[in-house]
Amino acid sequence: MPYQSGDILLADLNPVAGHERGGRRPVVVLSGPSYNELRNEQLIVAAITSRHRGLPFHTPVGTDSGLRTPSWIQPESVRAISVQWVIRPLGRAGPETVAEVRSRVINFLRDW
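Residues numbered from 1 in each chain as written. Predicted model: local features only at pLDDT ≥ 70, side-chain atom pairs only at ≥ 80, totals over all residues. Heavy atoms only, no water.

A few words now on the environment of Trp85. In this structure, Trp85 sits in the loop between strand E5 (71-82) and strand E6 (86-92). For Trp85, a relative accessible area of 38% translates into the label partly exposed. C-alpha of Trp85 to C-alpha of Leu13: the two residues are 72 residues apart in sequence and 7.1 Å apart in space. (Helix = DSSP H or I, 4+ residues; strand = E, 2+ residues; numbered from the N terminus. Buried < 20%, exposed > 50% of the residue type's maximum accessible area, 1.4 Å probe, protein only.)

Encoded structure:
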C-alpha cells in the first residue's frame with residue numbers, strides 16, 4: 001500500500017447519509033503503517049473542508065500541504081475508505097498536524 005499517515009488525498013466519499021461529508025474532497029490519512037499494510041486495502045481518513053466554521057476542534061492545514069486554499073481537518077468526520085475511492089494524492093500534512101487530529105479524535109471517543 002503506497003499511502004502513509006499524513007498523506008492528503010483527493011477521494012470520492014459518496015455515497016453518504018445524513019450529515020456525513022461527501023463528494024470529491026480532500027482527506028488526510030490518519031491510520032498508521034500497521035493498518036495501512038493490511039490486506040483489506042482500506043485507510044482511516046478524516047475529511048478536510050475549505051470552509052472555516054470557527055469550531056475549536058477543527059485543525060488548520062495550509063497550502064504548504066498541497067491544498068489550493070487554507071483548509072481545516074474535521075476530526076468529527078473520520079471513516080474507513082477503500083483505496084479504490086482515492087482519486088489522486090494532493091500532498092502531505094506534517095506529523096504535528098496528524099498528531100493533533102488523532103488526539104482530537106481520541107477526545108471524541110472519550111466523550112469529549
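Next comes the rest of the write-up.
Glancing now at the pattern of salt bridges. A side chain with one charge may pair with a side chain of the opposite charge, provided their charged atoms come close. For the structure on display, the rule yields two salt bridges. Between Arg92 and Asp7 there is a salt bridge, with its nearest N and O atoms 2.6 Å apart. One end of the pair, Arg92, is in strand E6; the other, Asp7, is in strand E1 (residues 7-12), and 85 residues separate them in sequence. When its relative accessible area of 40% is taken as the criterion, Arg92 is described as partly exposed. Residue Asp7 is classed as buried on the basis of its relative accessible area of 12%. A salt bridge links Arg104 to Glu100, with the shortest nitrogen-to-oxygen separation between them at 2.8 Å. Of this pair, Arg104 and Glu100 both sit in helix H2 (residues 95-109), four residues apart, roughly one helical turn. (Salt bridge = Lys/Arg side-chain N within 4 Å of Asp/Glu carboxyl O.)

Moving on: the sheet that holds E1. Here six strands make up an open sheet; going across it, the order is E4-E5-E3-E2-E1-E6 and the pairing antiparallel. Pairing within the sheet leaves two strands with one partner each, and these edge strands are strand E4 (59-61) and E6. Strand after strand, the sheet turns through a mean of 45 degrees between neighbouring axes, direction not considered. For E1 and strand E2 (residues 24-29), the ladder comprises five bridges, and the chain directions are antiparallel. From the neighbouring strand, Ile8 faces E2, where its bridge partner is Val28. (Pairing = 2+ DSSP bridges. Axes fitted to C-alpha atoms, helices over the stretch in contact; angles between N-to-C directions.)

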